Each structure stands twice: as structure tokens, then as C-alpha cells.
Amino acid sequence: MRFSKPTLMGGIIGFVMGVVFLVISLLQFDQSETNARDVTLVSLLFGIPFSVLIGLGLGWVWGKLFGVNSL
């Protein structure tokens, strides 16, 4: 499977944003309702993969609209 440069950049940005959201959620979770382990697991299993998929999709759209060598 080959990805264009905009698609890969979108995936990388999605991964970075997933990690940023993980850090933010670790700083803000309600300690009376959950714990840091559960917050981290949900972020790693759902948050980061969905962020990467969204980034890949947006990068693919960018490549289709502006060309694969637009970045």
C-alpha cells in the first residue's frame, strides 16, 4: 500500500494530535469517576487510531484537491 505525501503528513499530524489529546485527558480526568490507567487505555486503543484515520482521510482529500505534490 502506497500513500501520497499529503496522506502521510495527515496521518502524522493525526498521530501527534492523538498524543496531545492523551496528555490533555490525563491532566483533566475526573478522579472520582475513573483512573489514569483507564483514560490511557481508551486513548491508546480508540483516540489515537481514530485521530490517525481522520488525518489520513483529510490528507487524502487534500491530495485529491491540490495534487499529490502540494506539500
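Structure report, in brief. (Residues numbered from 1 in each chain as written. Predicted model: local features only at pLDDT ≥ 70, side-chain atom pairs only at ≥ 80, totals over all residues. Heavy atoms only, no water.)

1. A short note on the packing of helix α1 (residues 5-28) against helix α2 (residues 36-66)
Look at α1 against α2: their axes get within 7 Å of each other, and the N-to-C directions meet at 155°. With respect to their mutual orientation, α1 and α2 come out roughly antiparallel. The hand of the α1/α2 crossing is right-handed. Of the residues in the contact of α1 with α2, the class split is 14 nonpolar, 12 polar and no charged. (Axes fitted to C-alpha atoms, helices over the stretch in contact; angles between N-to-C directions. Helix = DSSP H or I, 4+ residues; strand = E, 2+ residues; numbered from the N terminus. Parallel < 35°, antiparallel > 145°, perpendicular 65-115°, else oblique. Left-handed = near helix turned anticlockwise from the far one by under 90°. Nonpolar A, V, L, I, M, F, W, Y, C, P; charged D, E, K, R; others polar.)

2. What to know about the side chain of S51
Turning to its location among the elements, S51 is positioned in helix α2. Judged by its relative accessible area of 15%, S51 falls in the buried class. Once residues within four sequence positions are removed from consideration, S51 is found in contact with G14, G18 and F21. (Buried < 20%, exposed > 50% of the residue type's maximum accessible area, 1.4 Å probe, protein only. Contact = heavy atoms within 4.5 Å.)

Just geometry here; none of it tells us what the structure is for.
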